[in-house]
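Per-entry structural report
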Amino acid sequence: MHFTVVFSGLSGVCDRLRQARVRTPAAGSFSNVVSVKMATVLQFPASVSTFNNYNDLYPDWTQREVSTGTTIMAVEFEGGVVIGADSRTTTGAYIANRVTDKLTPIHERIFCCRSGSAADTQAIADAVTYQLGFHSIELDEAPLVQTAASLFREMCYRYREELMAGIIVAGWDPRRGGQVYTVPVGGMMTRQPVSVGGSGSSYIYGYVDSNYRAGMSKEECLKFTAEALTLAMERDGSSGGVVRLAVISEQGVERQVILGNQLPKFSTV
Amino acid sequence: MSEELFPEPEWLSEEVKTGTTIIAVTFDGGVVLGSDSRVSAGESVVNRVMNKLSPLHDKIYCALSGSAADAQTIAEIVNYQLDVHIGHSEDDPLVCSAATLVKNISYKYKEELSAHLIVAGWDRKKGGQVYATLNGLLSRQPFAIGGSGSFYINGFVDAEYRKNMTKRESQEFVVNALTLAMGRDGSSGGVAYVVTIDKDGAEEKCVLGNELPKFFDE
């Protein structure tokens, strides 16, 4: 099935979205579903255009935007940051991708964790990657994490009405070491030693508040992040799959995946 | 007049809710219940010291959340019904009976009411028990959390709860959970009320704001 999305009134990065065509979700990939709040018209092929009540005939996921209902997390430690995310992308109740990678590289030692609309966050991340790459070549040195975060903030705040994106920017630079900046929906930016985001994050605020201590080692941060993500994935229907982790430090980036059967176990779950 | 110079504050017309955090935990020999103390109507806090742990009988308490009026009324009605149920008998009522009475009201009037009560207590037959009665179901659980603040501590309680904790450990667990939830939920706050019920009776305690545990960001 192909359908075209019609909407109006956007500019800048959103211009690219104007020409996007919507494809049905294929296993293991995002579909480029775009949507604008209250301004989307979906036209179905002629053979089914007479049906206006889609409730029973068409599954829920053909009418819903693709979102990374998610749990994402980032923690600073001495010498770098640990970032983590679950791997589920949903369109309504259908899991469009169960092995998503929500940890996106923006530069060599700067990553972002994406939550919210899959399309919006991918588009923003692409745009910031471009801008940061250009900036870094001009400066002829590694960009600061704060610069990357500011670029995200600029875009998320300027287009706050059209976008639905909650992003955590984390990385390492030579000047200030490991840093985590959070840019939630709405476009504010703040630096935090530990930050969680996405729909599953509500369930683990208590756990993170009680278990985080300043001065943890890299291994402790990895364990802390994996446990927090596991707890959130157990409680949040929109988070699940595997846990993807990455450690960013002066030495570079180390990535790991913890599969479902290897996740930490808790007595009540 | 549709336009007013000084429009009526939202909280005058908002229903009074106990946007809340409540928790009940079994330990070896009894139960511990805990709640915060904030009652809000819109953005205004109408009572900052409300005790949401309401006795249904000597050794059975319930924790109130949701609409303040609905929850209080259910508790009062069940208090009366429980007395009728035991009549002149010497025995203490079973926790299961109290929970069933709460569940019956919650289920029968589920469209009209919006309150969630957690019933917990001690009886001779099964010791300490906790029952959740959300939306008219009845579920016995090792522990239960409820209220708007409970979302934030789901991860914490899943990770930290262990079976067969001592009384002291359960009390600490409850106070920690309440503090974390009050730290994140705008509709929960104030002081923490803790009630411990075992075979010897019920002991009520109030932990003031400055005595609550502190976490890394304070």
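The shown structure was predicted, so the numbers you read here are calculated from the model rather than taken from an experiment.

A separate point is the nonpolar core. Counting 51 residues, the largest nonpolar core has Met-73 and Phe-224 of chain A together with Ile-23 of chain B as its most contacted members. In this view, Phe-224 of chain A contacts Met-73, Val-75, Val-194, Tyr-207, Val-208, Asn-211, Tyr-212 and Met-216 of chain A; residues no more than four positions away in its chain are not counted.

A separate point is the side chain of Asp-36 of chain B. Residues and elements named next belong to chain B. The topology assignment puts Asp-36 in the loop between β3 (30–35) and β4 (39–41). One polar contact links Asp-36 to Lys-52, side chain to side chain, over a distance of 3.0 Å. In terms of polar contacts, Asp-36 uses its side chain to reach the backbone amide nitrogen of Gly-189, at 3.1 Å. Ignoring any residue separated from it by four or fewer positions in sequence, one finds Asp-36 in contact with Gly-19, Thr-20, Thr-21, Met-50, Lys-52, Leu-178, Met-182, Ser-187, Ser-188, Gly-189, Val-191 and Tyr-193.

With numbering aligned to this structure, UniProt lists the feature "active site" (unreviewed entry) at Thr-70 of chain A. A polar atom in the side chain of Thr-70 of chain A sits 2.8 Å from the side chain of Lys-102 of chain A.

Residues and elements named next belong to chain A. One can describe the packing of helix α2 (residues 118–139) onto helix α3 (residues 145–158) by two numbers: an axis separation of 10 Å at closest approach and a directional angle of 135°. Taken together, the axes of α2 and α3 lie oblique to each other. Note on packing geometry: the crossing formed by α2 with α3 is right-handed. Across from Ile-124, Ala-125, Ala-127, Val-128, Gln-131, Leu-132 and His-135 in α2, the residues of α3 making contact are Thr-147, Ala-148, Leu-151, Phe-152, Met-155 and Cys-156. Its residues assigned to classes, the contact of α2 with α3 comprises 10 nonpolar, three polar and no charged.

Residue and element names in this part refer to chain A. Position of Ala-228 among the secondary structure elements: in helix α5 (residues 218–235). Its relative accessible area of 0% is what places Ala-228 among the buried residues. Ala-228 sits 23 residues away from Tyr-205 along the chain, and the two C-alpha atoms are 9.1 Å apart. Excluding residues within four positions of it along the chain, Ala-228 makes contact with Met-73, Ile-204, Tyr-207 and Val-208.

All names here are of chain B. Spatial ordering of the open sheet is given by β11-β2-β3-β12-β13, a layout of five strands whose pairing is antiparallel. Both edges of this open sheet fall to β11 (143–146) and β13 (201–207), since each of them pairs with a single strand only. Neighbour-to-neighbour, the strand axes of this sheet turn through a mean angle of 15°, independent of strand direction. By the bridge criterion, seven bridges tie strand β12 (residues 192–198) to β13 in an arrangement that is antiparallel. Looking at β13, one finds that Asp-198 is bridged to Gly-201. The strands touched by helix α5 (residues 167–184) are β2 (22–27), β3, β12 and β13; relative to β2, the strand with the most contacts, the crossing angle is about 160°.

Cut-offs applied
Residues numbered from 1 in each chain as written. Chains lettered and ligands numbered in written order. Predicted model: local features only at pLDDT ≥ 70, side-chain atom pairs only at ≥ 80, totals over all residues. Heavy atoms only, no water. Core = buried A, V, L, I, M, F, W, Y, C linked by side-chain atoms within 4.5 Å. Buried < 20%, exposed > 50% of the residue type's maximum accessible area, 1.4 Å probe, protein only. Contact = heavy atoms within 4.5 Å. Helix = DSSP H or I, 4+ residues; strand = E, 2+ residues; numbered from the N terminus. Polar contact = N/O pair within 3.5 Å; in protein donor to acceptor, adjacent residues only side chain to side chain. UniProt positions renumbered as here; feature names shortened; annotations may be inferred. Axes fitted to C-alpha atoms, helices over the stretch in contact; angles between N-to-C directions. Parallel < 35°, antiparallel > 145°, perpendicular 65-115°, else oblique. Left-handed = near helix turned anticlockwise from the far one by under 90°. Nonpolar A, V, L, I, M, F, W, Y, C, P; charged D, E, K, R; others polar. Pairing = 2+ DSSP bridges.

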